[in-house]
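In case you want the letters, here they are:
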Amino acid sequence: MATLAVRRAPLGGFSFENCKRNSILESEASKVGFSVPTARKTGTTICGVVFKDGIVLGADTRATEGMVVADKNCSKIHYISPNIYCCGAGTAADTEMTTQIISSNLELHALSTGRQPRVATANRMLKQMLFRYQGYIGAALVLGGVDCNGPHLYSIYPHGSTDKLPYVTMGSGSLAAMAVFEDRYKTGMEEEEAKQLVRDAIAAGIFNDLGSGSNIDLCVITKGNVDYIRPHDEANKKGVRHGELEGVQLTGDYRYKRGTTAVLSKVVNPLDLELLEETVQTMDTS
Amino acid sequence: MNTRGLRSQLKDSVPVAGLCPQGSYGIQDSLRSGFTSVKNELLPSHPLELSEKNFVLNQDKMNFSTLRNIQGLHAPLKLQMEYRAARQIQRLPFLQSSNLALDTLRGSDDTIGFEDILSDPAQSETMGEPHMMVEYKLGLL
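- Looking up chain B in an unreviewed UniProt entry gives the name Proteasome maturation protein, with the organism given as Oryzias sinensis.
- Listed under Sequence similarities (unreviewed entry) in UniProt, the entry text for chain B is "Belongs to the POMP/UMP1 family."

- An unreviewed UniProt entry annotates chain A as Proteasome subunit beta originating from Oryzias sinensis.
- Looking at the Catalytic activity (unreviewed entry) heading of the UniProt record, one finds this comment for chain A: "Cleavage of peptide bonds with very broad specificity."
- Listed under Subunit (unreviewed entry) in UniProt, the entry text for chain A is "Component of the proteasome complex."

Considering the layout of surface pockets
Link 1 in the chain: What the second largest pocket holds in volume is close to 570 Å³.
Link 2 in the chain: Considering the residues around the second largest pocket, the lining is formed by 20 residues, among which Phe14(A), Asp94(A), Tyr136(A), Ile137(A) and His46(B) are closest to the centre.
Link 3 in the chain: Residue composition of the lining of the second largest pocket, grouped by class: 13 nonpolar, 5 polar and 2 charged.

A look at the nonpolar core
Residues and elements named next belong to chain A.
Link 1 in the chain: Ile 84 and Leu 143 are the most contacted members of the largest nonpolar core, which has 22 residues in total.
Link 2 in the chain: With 5 residues, the single largest contributor to this core is helix 3 (residues 119-132).
Link 3 in the chain: Judged by nonpolar contacts, the second largest core, of 21 residues, contains Tyr 167, Ala 201, Ala 204 and Ile 216.

Thoughts on helix 3 of chain A
Residues and elements named next belong to chain A.
Link 1 in the chain: Its 14 residues place the ends of helix 3 20 Å apart at the C-alpha level, agreeing with the 20 Å of an ideal helix rising 1.5 Å per residue.
Link 2 in the chain: Taken together, the buried positions of helix 3 are occupied by Val 119, Ala 122, Asn 123, Leu 126, Gln 128, Met 129, Leu 130 and Arg 132.
Link 3 in the chain: Just beyond helix 3, the residue with positive phi is Gln 134, at close to 50°.

Details of the pairing of strand 2 (residues 54-60) of chain A
Residues and elements named next belong to chain A.
Link 1 in the chain: The element strand 2 is extensively covered by neighbouring structure, given that 7 of its 7 residues are classed as buried.
Link 2 in the chain: When strand 1 (residues 46-50) meets strand 2, the two strands line up antiparallel, connected through 5 bridges. Residue pairing in the sheet places Val 49 in a bridge with Val 56 of strand 2.
Link 3 in the chain: Joining the antiparallel neighbours strand 1 and strand 2 is a turn of 3 residues.
Link 4 in the chain: Alignment of strand 2 against strand 11 (residues 215-222), held across 7 bridges, turns out to be antiparallel. Paired with Gly 54 across the two strands is Thr 222, which belongs to strand 11.

Let's talk about the packing of helix 5 (residues 55-71) of chain B against helix 6 (residues 74-88) of chain B
Residues and elements named next belong to chain B.
Link 1 in the chain: Where helix 5 contacts helix 6, the axes come no closer than 8 Å and their chain directions differ by 145°. Contact residues: Asp 60, Phe 64, Leu 67, Arg 68 and Gln 71 in helix 5; Ala 75, Pro 76, Leu 79, Gln 80 and Tyr 83 in helix 6.
Link 2 in the chain: Broken down by class, the residue content of the contact of helix 5 with helix 6 amounts to 6 nonpolar, 2 polar and 2 charged.

Some details on the sheet that holds strand 11 of chain A
Residues and elements named next belong to chain A.
Link 1 in the chain: Strand order in this open sheet of 5 strands is 10-1-2-11-12, and the pairing throughout is antiparallel. Edge positions in the open sheet fall to strand 10 (167-170) and strand 12 (225-234), since each of these has one partner strand only. Strand after strand, the sheet turns through a mean of 15° between neighbouring axes, direction not considered.
Link 2 in the chain: In this fold helix 4 (residues 174-184) packs onto strand 1 and strand 10, with an angle of close to 160° to the strand it touches most, strand 10.

What counts and how
Residues numbered from 1 in each chain as written. Chains lettered and ligands numbered in written order. Predicted model: local features only at pLDDT ≥ 70, side-chain atom pairs only at ≥ 80, totals over all residues. Heavy atoms only, no water. UniProt positions renumbered as here; feature names shortened; annotations may be inferred. 1 Å grid on protein atoms, 1.4 Å probe; cavity = no way out; pocket = protein on both sides within 12 Å on 5 of 7 lines; lining within 4 Å. Points joined across faces, edges and corners; volume = space filled by probe spheres on them. Nonpolar A, V, L, I, M, F, W, Y, C, P; charged D, E, K, R; others polar. Core = buried A, V, L, I, M, F, W, Y, C linked by side-chain atoms within 4.5 Å. Buried < 20%, exposed > 50% of the residue type's maximum accessible area, 1.4 Å probe, protein only. Helix = DSSP H or I, 4+ residues; strand = E, 2+ residues; numbered from the N terminus. Expected span 1.5 Å × (residues − 1). Pairing = 2+ DSSP bridges. Axes fitted to C-alpha atoms, helices over the stretch in contact; angles between N-to-C directions. Contact = heavy atoms within 4.5 Å.

Right, here's the structure in full:
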């Protein structure tokens, strides 16, 4: 006979019921040689830069799952509020859910205060949530926006530390992108110059890091206007070999022109065929 | 503020119910909790488990102590009286109540967190046995 139990009122939020079982299964499975499925990461290059009138955020579009590309064109620049956008690196689900929750919270906060939300508010909310979960939520973010105090750019690490800087990069391709920034960043750039700089930084990440690839997305935020350019540049087109860009046909045609092979001799044997029977079967086209 | 460190929360944590088997039928559920060991019973299965279980409590404690330091003893005392009153407005023990008054007092009625999205208690698949829960609450058990 089963025992009856009195249970305490359940709390919402994360449930840790299966953690023990999972760790046991993982250790057992590794003894036999299987490996536990891993979460889909974005293995990314994301970056942001402050220019004269606002912010330019850039991201690549590849999502990886171990050694396989899971999504060739995923969108890593997430909406937080009309004047604030956030790029996310790390575990794809974590960045997605975290930015959505903060976006909702910021909207409620803006309705309650009656003012346009500030980037520092979003930063504070993100940092407190990530610290609460002690880095187990693997979301590394680049947060940028323009509010009443001007343009602001923050980088937020999974454990909850933040940096407020004029140019930031995150993700597995961050070193490649940072190299481009360190070389060519100047204060007070124009919009086109800033877009070109971000495009080059993301391209450096795409070509030099295995975890980043496909297209370059840009988001230009200025006071009162947001330009979400997706894709800004298709750095790697699937199915197009590099040489074809110059008009030289490199792929796929294995037909030879008539006359490629020389004809040595030609013999023609006519076949005499008699017509035995002719039937016509009409199609029913009614 | 959610900035309390992990170590300080372990000190005033609610003790994990050790020494009594976790599964239904009263015996050790080997598939889910593995073999019995003292370490298994005492330690939480995930470093965040205790921290999350007591998060709201600790946050309240910290807010009250800050308030006491800034505004004196009466402010947190009055607020705690209101919390106690709000906590008494509940449905029967086995039903989920919305805690609206409590949320409004805490200021969490206009925030969304993981506790609102994941494992919503209003939609849990199991529920406590109604008679036992009421008897437990009335102290008849």
